[in-house]
Amino acid sequence: MKAYRAAILRFAPGREPRRSAIFEEDGLLVVGPNATGMQVVQAVGPYRDLKDTFPSVAIEHLPGRIIAPGFVDMHIHFPQTDVIGSPADGLLPWLENYTFPEEKRFSAIEYSAQAATFFVAELLRNGVTTALAFATSHRESVDALFTEAQTQRMRLITGLCLMDRNAPADVLNRAAPDGSSDATEQSLIDSEDLLRKWHGTGRLGYAITPRFAPSCSDAQLRGAGELAARYPEAWIQSHVAENMDEIAWARQLFPASRSYLATYDDFGLMRERAIYAHCIHFDDDDRALMRATGAAAAVSPTSNLFLGSGFFDYAGADRVGFHYGLASDVGGGTSFSPFHTMLAAYYVGREGQTKPGLSLSPQHLWWQHTAGAAQALGLDGQNGRPAVGNLQPGCEADFVVLNPQATPLLARRTARANSLDELLFAMIVLGDDRLIEKTVISQAF
Ligand code: GUN
Ligand code: ZN
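Residues numbered from 1 in each chain as written. Chains lettered and ligands numbered in written order. Predicted model: local features only at pLDDT ≥ 70, side-chain atom pairs only at ≥ 80, totals over all residues. Heavy atoms only, no water.

### What about the sheet that holds strand β3 (residues 39-46)?
Point 1. In spatial order, the strands read β3-β2-β1-β4-β14-β15; together these six strands make up an open sheet with mixed pairing. Edge positions in the open sheet fall to β3 and β15 (436-440), since each of these has one partner strand only. Mean inter-strand twist for the sheet, computed between neighbouring axes without regard to direction, equals 40 degrees.
Point 2. Relative to strand β2 (residues 21-33), strand β1 (residues 2-11) is paired through nine bridges, and the arrangement is antiparallel. The partner of R5 across the bridge, within β2, is L28.
Point 3. Running at roughly 70 degrees to β2, helix α16 (residues 420-430) makes contact with β1, β2, β4 (59-69) and β14 (399-402) of the sheet. (Pairing = 2+ DSSP bridges. Helix = DSSP H or I, 4+ residues; strand = E, 2+ residues; numbered from the N terminus. Axes fitted to C-alpha atoms, helices over the stretch in contact; angles between N-to-C directions. Contact = heavy atoms within 4.5 Å.)

### Things to note about the side chain of Q80
Point 1. Mapped onto the elements, Q80 comes out in the loop between β5 (71-77) and α2 (91-103).
Point 2. The exposure class assigned to Q80 is buried, which follows from its relative accessible area of 1%.
Point 3. Engagement of the side chain of Q80 in a polar contact is seen with the backbone nitrogen of G331, the distance being 3.0 Å.
Point 4. Residues within four places of Q80 in sequence aside, it is in contact with W94, T99, E103, R211, V330, G331 and G332. (Buried < 20%, exposed > 50% of the residue type's maximum accessible area, 1.4 Å probe, protein only. Polar contact = N/O pair within 3.5 Å; in protein donor to acceptor, adjacent residues only side chain to side chain.)

### Some details on helix α7 (residues 244-253)
Point 1. Looking only at α7, the buried set comprises E246, I247 and A250. For α7, the angular spread of the buried residues around the axis is 100 degrees, confining them to a single face. Turned more than 90 degrees from where α7 packs its buried face, M244, D245 and Q252 sit exposed.
Point 2. On the buried face of α7, the contacting elements are α2, β10 (235-240) and α8 (260-266).
Point 3. Here α7 starts with a cap whose side-chain oxygen sits 2.8 Å from the backbone nitrogen of D245, and that cap is N243. (Arc of directions from axis to C-beta.)

### With respect to the coordination of the zinc ion (ligand 2)
Point 1. Within the first shell, the zinc ion (ligand 2) binds the protein through H75 (NE2), H77 (NE2), H239 (NE2) and D329 (OD), at distances of 2.0 to 2.3 Å.
Point 2. Metal-centred angles of 89 to 169 degrees between the four donor atoms at the zinc ion (ligand 2) mark the site as irregular.
Point 3. Between the donor residues of the zinc ion (ligand 2), the gaps in sequence give the motif H-x1-H-x161-H-x89-D. Of this pair, H75 sits in strand β5 while D329 sits in the loop between β13 (323-326) and α12 (338-351), and the two are 254 residues apart along the sequence. Like H75, the residue D329 is buried in the burial classification. (Donors = N, O, S within 2.8 Å, 3.2 Å for Na, K, Ca; no water. Tetrahedral: all angles 85-135°; square planar, octahedral: opposite > 155°, others 65-115°.)

### A short note on the packing of helix α5 (residues 183-198) against helix α6 (residues 218-230)
Point 1. Across the interface, α5 lies against α6 with an axial gap of 9 Å and an inter-helix angle of 20 degrees. As far as their axial angle goes, α6 and α5 are roughly parallel. For the pair α5 and α6, the crossing hand works out as right-handed. Within the contact between the two elements, α5 uses T184, S187, L188, S191 and E192 and α6 uses A219, Q220, G223, A224, L227 and R230.
Point 2. Looking at side-chain class alone, the contact of α5 with α6 contains four nonpolar, five polar and two charged residues. (Parallel < 35°, antiparallel > 145°, perpendicular 65-115°, else oblique. Left-handed = near helix turned anticlockwise from the far one by under 90°. Nonpolar A, V, L, I, M, F, W, Y, C, P; charged D, E, K, R; others polar.)

### Some words on the site of ligand 1
Point 1. The environment of ligand 1 is formed by H77, Q80, L91, W94, L95, R211, F212, H239, E242, H278 and D329.
Point 2. Between Q80 and ligand 1, the recorded distance is 2.9 Å, taken from a side-chain N or O atom to an oxygen atom.
Point 3. A distance of 3.5 Å separates a nitrogen atom of ligand 1 from a polar side-chain atom of H278.
Point 4. Protein burial of ligand 1: of its 280 Å² of free accessible surface, 100% is covered by the chains.
Point 5. Take the shell around ligand 1: its biggest share by element is three residues, from α2. (Near = heavy atom within 4 Å. Areas by Shrake-Rupley, 256 points an atom, 1.4 Å probe, with all protein chains shown as cover.)

### A few points about the pattern of salt bridges
Point 1. Taken as a whole, this structure holds 29 salt bridges when the rule is applied.
Point 2. Put simply, R139 and D190 hold a salt bridge, and the shortest N to O gap is 3.3 Å. Taken together, the residues span a long stretch of sequence, with R139 in helix α4 (residues 139-152) and D190 in helix α5 at a distance of 51 residues.
Point 3. The exposure class of D190 is buried, given its relative accessible area of 12%.
Point 4. The network of salt bridges with shared partners includes R155, R203, E396 and D398. (Salt bridge = Lys/Arg side-chain N within 4 Å of Asp/Glu carboxyl O.)

### A short note on the side chain of N304
Point 1. Its place among the elements puts N304 in helix α10 (residues 301-306).
Point 2. On the basis of relative accessible area, N304 is assigned to the buried category, the value being 3%.
Point 3. Among all residues touching N304, those that are not within four sequence positions of it are H278, I280, S309 and G310.

### Regarding the state of the cysteines
Point 1. Per the counting criterion, the structure on display carries zero disulfides.
Point 2. The structure places no disulfide on C216, whose sulfur is separated from the nearest cysteine sulfur, that of C161, by 7.5 Å.
Point 3. C279 forms no disulfide, and the closest cysteine sulfur to it belongs to C216, at a distance of 16 Å.
Point 4. With a relative accessible area of 2%, C279 lands in the buried category. (Disulfide = S-S within 2.5 Å.)

### Notes on the environment of G431
Point 1. Structurally, G431 is set in the loop between α16 and β15.
Point 2. Not counting the four nearest positions on each side in its chain, G431 is found in contact with F339, H340 and A426.

### Observations regarding the packing of aromatic side chains
The geometry of an aromatic ring pair is captured by the separation of the ring centres together with the interplanar angle, meaning the angle of the planes.
Point 1. Applying the stated criterion across every chain, the model contains 20 aromatic pairs.
Point 2. Their ring planes at 35 degrees and their centres at 6.5 Å tell us that F146 and Y206 sit as a pair that is tilted. Here F146, found in helix α4, pairs with Y206, found in strand β9 (residues 204-210); they are 60 residues apart in sequence, far enough to count as distant.
Point 3. Owing to a relative accessible area of 0%, F146 belongs among the buried residues under this scheme.
Point 4. By way of ring pairs, the aromatic residues F78, F106, Y111, F119 and F336 are connected into one cluster. (Phe/Tyr/Trp six-rings, centres within 6.5 Å; stacked < 30°, edge-to-face > 60°.)

Here's what the structure looks like:
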């Protein structure tokens, strides 16, 4: 066991997210193995109350520092690290001119491996300890990312990108080399193969990954839905209702579905653990479908602002009541830093603000990128497994050590904070990777 003395931020499960933060000015976090050997939080609370309870445990004192849950990124593209900041008129030209040409390189295992090493290191450097990520349509990219995440013991979920049409040949799924199956069949065989190889290995999880409806044939979406039914423990990830041209295209390709979102439901791809990026241009029937199926939205504000896609409707989501959390969506998104994402989410929430007092509180923003995102992913302690994204007793011990003195301006501004909300807001507005002094990953004993 080991203990850390510092200020500690965590969230009260079940409490209204806008007011669920718990902050100990002088706290103690005690971590140690659970019955399965996973390092989890054994105790957390005020230092004065806990210091005599664990007399033989070594305490690392971190004066002036804040311990907070590791961040959870609900949607990021591993092969798009090197396309961040590529200018385009909108989503579809951005995919065609920058993203697809880069993604084709991931058919090479060496290229995938070096990109995975950088990607995982960059997430951890930015305090992200759990991520749901896209790979490419090449098996090599999936194996490379899982291998690196396993080496670093990061909690990571990814899967083979399913795309059998409407993109250049070198980013589409490939037929079996011996001609025994076509690209669609082979993509589903490969998905199941990779799922069986990686899902549940250490801290890794598999996501069945139709890129978005326009890149998948009916047969591929149907096969993905059948796979999802056979493996209810696996995740599903895709994109929906991001951009007006994309929506018009999806409607044209699937005219029988009630809406773009409903297309996924029609193929059995909406359920708990199904994560849809963006979810911007929804009507209330779409919102009700999200709620009824238990699917969750990965809100990606830096991407939506950068690509001019639109603004996630927080008031609509809360009115109908479906799960959502925050995501970087790199490389449409502009930063790996959760602070940049939380700030962009604040701007987006302001844009849609119709009544005073409804803008996103700093506690709510932070929750959306930690405990709220974990809840949306089904990683909040269901089925007796330890939760992530929080530092309550029993949670996996993934955390960040924040140094609010990291820059001269952060030091000045945080010293003036008169409340928890002021302190959190100062870090959201001024923070970036410099604020993350250290990222600690739960280790197995
Ligand atoms: N829709 C389909 N593919 C993508 C992608 O790579 N990024 C974003 N932002 N939207 C998509
Ligand atoms: Zn995306």
